[in-house]
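Architecture at a glance
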Amino acid sequence: MSTQKIVIDPITRIEGHLRAEVEVDADGVVQEAYVSGQLFRGIEIILKNRDPRDAGLLAGRICGVCTNSHFRAAVTSVEDAYSLELPNSAQIIRDLMAMALFIQDHVVHFYHLHSLDFVDITSALNADPKSTSKEAHKYHKKPFRNSHSHYESVLEKLSNFVKAGKLGPFSNGYWGHSEYKLTPEQNLVIISHYLEALKFQTTISKAVAIFGGKTPHPQSIVVGGVTSVADMLNPQRLNDYLFIIKNAKEFIDRAYLPDAKLLSIAYRDDIKSGVGRANGNFLSVGGYAFDDKELFCNGVVYNHDFENIADFEEYKITEEIDRAWYKGDSLDNEIEYTDFNEDGSLKTAKNDDKYSWIKAPRYAGKVMETGPLARVIISYKKENILIKSFVDEFLKDTDLELMDLSTTVGRDAARAIETGYICEYIFKLVSRLIQNIKYYDTETWAKYDFDSLKKRAKGRAFLEVPRGTLSHFIKIQDAKIENFSVIAPTTWNATPRNFDGVRGAYEEALLGLKIEDTSKPLEVLRVLHSFDPCLACAVHIIDAKGKNLGKYKI
Ligand code: NI
């Protein structure tokens, strides 16, 4: 049977370092898929021989989006190595920054990185403002900015783009593609929120910056605690933070969650036929304690067996490099780049061909999916009372089952549901912080004398961050970093194969996908974007045809 190869590179709208090669049969159905991280992240090497107290600031540079997550994970790994215990209020301040980042990240992902895979801008131009307002009422009783005049002004903005002969931020879409299923009115509702979310992005970033000093790349986390003491003790700063979160909650409740419901209902057929489902292995390390509960439960699911969730055990994590451009021990970060085939395609023919900069983390030898979907499934099945009602409500309103979330559109639904309960959790955290301050529990730093700490130590940090499970591992020798290693959420989800040939979650999710028009592989983008890929800092660059633009030696 004749097969055709489709290459998409770059995949992501902003972080263009991901490449997918899929083979489709004569009916356009994906028979094989390879996904490759195209840029090398050298931060681990830069961290070597540095003072462990600098680990956070340097590791934060792994990524321009997930800066706070890496910053915190690196500092936590150092604290673990030195057995430093964090004061309660410092923990809460770190959590408040992290939670605001979750909200920012999820909203940006849904609207600005992913929604245009489902929303056709050109179709929205045909929408009737009055019917649009009616449509929005189907998903919420008080939809966000739902007046006729507002929709008219959005339409005017859009048509001005078109009249000017350019779609501005909306250029480069597969507009008019037959796989776009929303009505003009549904398209207009989401576009309206897309524009609102641009403003939202600025405001929610301020919430991270209130305790972080700035964002991206906050400055206030130090080994042993946080430096934002004055912000914590200033009622105005706490009020500012709460004010931003309250406004964010309005947008999440009245725009984001309703839009996720709209998509889940409109793309019901895709959901029910399991489009974008990966292998059904899910991992969450849990975390973010509140009283005796945790926001996320830890757990491991194999093969969609939701009834038997195993506890997470960190010793079961391994990292393989058979098919990634490294050699030796996976911790050494020693590079073995083998380049592309002559025709510019990835080298994948043999079982030991290398094709990605992404290493292959495994849990108990298995490929895992991590992220909001994993957290929602595991926490819900473990009857986490902080989240249960949010999941129940969403499934009821969309007439879906938990299993349906393990799909492309379901992944987006899980992310929206998570954003909803994170808002509620933040209010609890702030009340707890205020209570601490009332009782003079205002320590924000665990005092230590660096010179008297162990010269040789090993530490690690496991954190759930917006895109999934993040772990940092550190080895300290003579009070310097001897070795540093990172497994980011996208490392789990975008993993290449291992020697055993088992596909990664991205690759598995693409299998069996029907592509309507192989010159416009919209379906591939949808599946991969639903994982919220984030590929990080790099020194190796290539152009769209796979040719080297230059090689950089560190
Ligand atoms: Ni990132």
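Described below are features of the structure shown in this document. Numbering of residues begins from 1 in every chain and follows the order in which that chain's sequence is written. Confidence filtering applies because this is a predicted model: local features only for residues at pLDDT of at least 70, side-chain atom pairs given and counted only at 80 or more, and all residues used for totals across whole chains, interfaces and linings. Processing note: side-chain calculations cover all non-hydrogen atoms of the structure and skip hydrogens and water entirely.

**Digging into the overall build of the protein chain**
Looking only at helices and strands, the protein chain has 17 helices and 16 strands in total. Across its three principal directions, the C-alpha atoms of the protein chain cover 70 × 60 × 50 Å. With a 1.4 Å probe rolled over the protein chains alone, any residue whose accessible area is under 20% of its type maximum counts as buried; one over 50% counts as exposed, and the rest are partly exposed. Residues classed as buried in the protein chain amount to 60% of the 554 residues present. A separation threshold of at least 6 residues defines the contact pool for the protein chain, and within that pool the share at least 24 residues apart is 75%. Roughly 22,000 Å² of accessible area belongs to the protein chain as shown, and the carbon and sulfur atoms make up 49% of that amount. For the purpose of counting charges, residues Lys and Arg are taken to be positive, whereas Asp and Glu are taken to be negative. His and the chain ends are not included. For the purpose of locating charges, the reference atoms are NZ of Lys, CZ of Arg, CG of Asp and CD of Glu. Considering the protein chain, the positive charge centre built from 69 side chains and the negative charge centre built from 77 side chains are found 4 Å apart. Segments assigned H or I by DSSP are reported as helices when at least four residues long, segments assigned E as strands when at least two residues long, and all are numbered from the N terminus. Residue contacts follow a heavy-atom distance rule, with two residues in contact if any of their heavy atoms lie within 4.5 Å. The method behind every accessible area is Shrake-Rupley, applied with a 1.4 Å probe, and residues are considered shielded solely by the protein chains displayed.

**Some words on the layout of surface pockets**
The distinction between a cavity and a pocket rests on a 1 Å grid over the protein atoms alone: a 1.4 Å probe fits inside a cavity but cannot get out, while a pocket stays open yet meets protein on both sides within 12 Å along at least five of seven lines, and a residue with an atom within 4 Å of a point counts as lining. Grid points are joined across faces, edges and corners, and a volume is the space filled by probe spheres set on the points. Roughly 520 Å³ of volume is contained in the largest pocket. Around the largest pocket sit 26 residues that line it, and Arg72, Gln91, Asp95, Tyr288 and Ala289 are the ones nearest its centre. When residues of the lining of the largest pocket are traced back to their parent elements, those giving at least two are helix H3 (67-81), helix H4 (88-114), strand E6 (282-290), helix H14 (408-438) and strand E12 (457-465). By residue class, the composition of the lining of the largest pocket is 10 nonpolar, 6 polar and 10 charged. Basically, the charged four are Asp, Glu, Lys and Arg, the nonpolar ten are Ala, Val, Leu, Ile, Met, Phe, Trp, Tyr, Cys and Pro, and anything else, Gly included, counts as polar.

**Quick look at the sheet that holds E12**
Here 3 strands make up an open sheet; going across it, the order is E12-E13-E14 and the pairing antiparallel. At either margin of the open sheet sits one strand with a lone partner, and together these are E12 and strand E14 (480-487). Geometrically, the sheet is characterised by an average inter-axis angle of 15° between neighbouring strands, direction not taken into account. Should DSSP find at least two bridges between two strands, the strands are regarded as paired. Pairing between E12 and strand E13 (residues 468-477): 9 bridges, direction antiparallel. By the bridge assignment for E13, Val465 is matched with Gly468. Only the stretch in contact is used when a helix axis is fitted, and all axes are lines through C-alpha atoms; the angle between N-to-C directions ranges over 0 to 180 degrees.

**Quick word on the coordination of the nickel ion**
The donor set comprises N, O and S atoms within 2.8 Å of the metal, extended to 3.2 Å for Na, K and Ca; water molecules are omitted, so apparent gaps in a site may simply reflect that omission. Looking at the nickel ion, the protein donor atoms are Cys63 (SG), Cys66 (SG) and Cys534 (SG), and they sit 2.1 to 2.2 Å from it. Between the donor residues of the nickel ion, the gaps in sequence give the motif C-x2-C-x467-C. The burial state of Cys63 is the same as that of Cys66; both residues are buried.

**Side note on the environment of Glu85**
If you trace the backbone, Glu85 turns up in the loop between H3 and H4. Spatially, the C-alpha atom of Glu85 lies 8.8 Å from that of Gly225, the residues being 140 residues apart in sequence.

**A short note on the pairing of strand E7 (residues 293-301)**
Relative to E7, E6 is paired through 7 bridges, and the arrangement is antiparallel. Bridge assignment links Val285 to a residue of E7, and that residue is Asn298. The hairpin formed by E6 and E7 contains 2 residues between the paired strands, and Asp291 there has a positive phi angle of roughly 50°.

**Some thoughts on the sheet that holds strand E1 (residues 4-8)**
Strand order in the open sheet made by the 3 strands is E1-E2-E3, with antiparallel pairing throughout. Edge positions in the sheet fall to E1 and strand E3 (30-37), since each has one partner strand and no second. With direction set aside, neighbouring strand axes in the sheet form an average angle of 15°. Two elements, strand E2 (residues 18-24) and E3, share 7 bridges in a ladder whose sense is antiparallel. Note on E3: the bridge partner recorded for Val24 is Val30.

**A closer look at the nonpolar core**
Judged by nonpolar contacts, the single largest core of 133 residues is most densely connected at Ile103, Tyr111 and Tyr241. When neighbours within four sequence positions are excluded, Ile103 is seen to be in contact with Phe200, Ile204, Ile245, Ile252, Thr419, Ile422, Cys423 and Ile426. The next biggest cluster of nonpolar side chains, apart from the first, holds 25 residues, and it includes Val24, Ala505, Val527 and Leu528. To define a nonpolar core, start from buried Ala, Val, Leu, Ile, Met, Phe, Trp, Tyr and Cys residues and group those joined through side-chain atoms within 4.5 Å.

Purely spatial values, then, with no claim about function.
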